[in-house]
Amino acid sequence: MSLPYGQTRTRIAARHALIAADGHVKSNVPGITGAATVILISGAMGAKFAQLLVTFEAGGRAAFPANDLETFGYFESGGATVTLDRTPHRVAPGGYFFAPAGEAWTITAPKRGTRVTLFHKKFSALAGAPAPRALIGDAAKIPGQPFLGDPDARLQTLLPDESAFDLAVNIFTYQPGATLPFVETHIMEHGLLMLAGQGVYRLEDSWYPVTAGDAIWMAPYCPQWFVAMGKQPASYLYYKDVNRAAI
Ligand code: UGY
Ligand code: MN
């Protein structure tokens, strides 16, 4: 359904943002060719990480050199070859990869229309902990665990729960009517992409109808709550910084 002339659901506040697909504008990003790339969340907004949505054409490519950024990539649709640690892996929808800081990676031979979300973060090392390792995974192989005992709100944890990792990326799936059990307020920052369904997201003192394709930024300590609504389950992919000291 198209929006009335001159309107958008997008809202950019100081400590949270909702970015609806109707306002997307492409950026040229060094290292990515043959793709439409939208930088949904970035330092320009006040975030300490970046969230990019990349839609590849056939023949598109992403090639990132080794640097101090770590990258998590999630394939929402299509498929492509991810080369990590000089090893190629064919990745299908639901597939994901993690490239630690200091490791080059590429995405090549994408099917036309392949949609990938990339999270980039400057790695924060932890004294005494090993550096996190590269990995390739498939969300379909990660069981959804009931969140705080609720079987209608299930969490898939895509990265290992180890102190080596300074970020987590999860998929949260809610049956219609299921909710986050309380309004969370926490130091961790979030970047989120609605993958399916719809609901209402509370961010600070605002309540937003949200739907598949919407992206959300939550600054540290942004009070947050969600209820899934409609006839289908709602699910979202989200980033979180974890496992590091407060100061
Ligand atoms: O992991 C989380 O903090 C998660 N429960 N937050 C959220 O879904 N907004
Ligand atoms: Mn949270």
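Note: the structure precedes this text.
Here's what I pulled together on the structure shown here. Just so you know, these numbers come straight off a predicted model, no measurement behind them.

## Here's the deal with the sheet that holds strand E12 (residues 145-147)
Remark on secondary structure: sheet strands pair via backbone hydrogen bonds, oriented parallel or antiparallel.
Move 1: Spatially, 8 strands are ordered E1-E2-E18-E15-E20-E14-E13-E12 in an open sheet, and the strand pairing comes out antiparallel. Either end of the sheet is taken by a strand with one partner, and the two such strands are strand E1 (11-12) and E12.
Move 2: Direction of pairing for strand E15 (residues 190-196) relative to strand E18 (residues 215-218): antiparallel, over a ladder of 4 bridges. Residue His190 lies in a different strand from E18, and its bridge partner there is Met218.

## Remarks on the coordination of the manganese ion (ligand 2)
Move 1: Summarising the metal site, the manganese ion (ligand 2) is bound by the protein donors Glu184 (OE), His186 (NE2), His190 (NE2) and Gln224 (OE1), whose distances to it range over 2.1 to 2.3 Å.
Move 2: Geometry at the manganese ion (ligand 2) is octahedral, judged from the 6 donor atoms that bind it and their angles of 77 to 174° at the metal.

## A short note on the site of ligand 1
Move 1: Phe147, Phe172, Leu180, Glu184, His186, His190, Tyr201, Gln224, Tyr236, Tyr238 and Lys240 make up every residue found near ligand 1.
Move 2: Between Glu184 and ligand 1, the recorded distance is 2.6 Å, taken from a side-chain N or O atom to a nitrogen atom.
Move 3: A distance of 2.6 Å separates an oxygen atom of ligand 1 from a polar side-chain atom of Tyr236.
Move 4: Contact with the protein chains covers 96% of the free accessible surface of ligand 1, which is 270 Å².

## A few points about the sheet that holds strand E17 (residues 206-211)
Move 1: Spatial strand order, E17-E16-E19: 3 strands in an open sheet with antiparallel pairing. Both edges of this open sheet fall to E17 and strand E19 (224-229), since each of them pairs with a single strand only. When the angles between neighbouring strand axes are averaged without regard to direction, this sheet yields 20°.
Move 2: In the sheet, strand E16 (residues 198-203) pairs with E17 via 6 bridges, with the strands oriented antiparallel.

Each value, and the rule that gives it
- Residues numbered from 1 in each chain as written.
- Chains lettered and ligands numbered in written order.
- Predicted model: local features only at pLDDT ≥ 70, side-chain atom pairs only at ≥ 80, totals over all residues.
- Heavy atoms only, no water.
- Pairing = 2+ DSSP bridges.
- Helix = DSSP H or I, 4+ residues; strand = E, 2+ residues; numbered from the N terminus.
- Donors = N, O, S within 2.8 Å, 3.2 Å for Na, K, Ca; no water.
- Tetrahedral: all angles 85-135°; square planar, octahedral: opposite > 155°, others 65-115°.
- Near = heavy atom within 4 Å.
- Polar contact = N/O pair within 3.5 Å; in protein donor to acceptor, adjacent residues only side chain to side chain.
- Areas by Shrake-Rupley, 256 points an atom, 1.4 Å probe, with all protein chains shown as cover.
- Axes fitted to C-alpha atoms, helices over the stretch in contact; angles between N-to-C directions.

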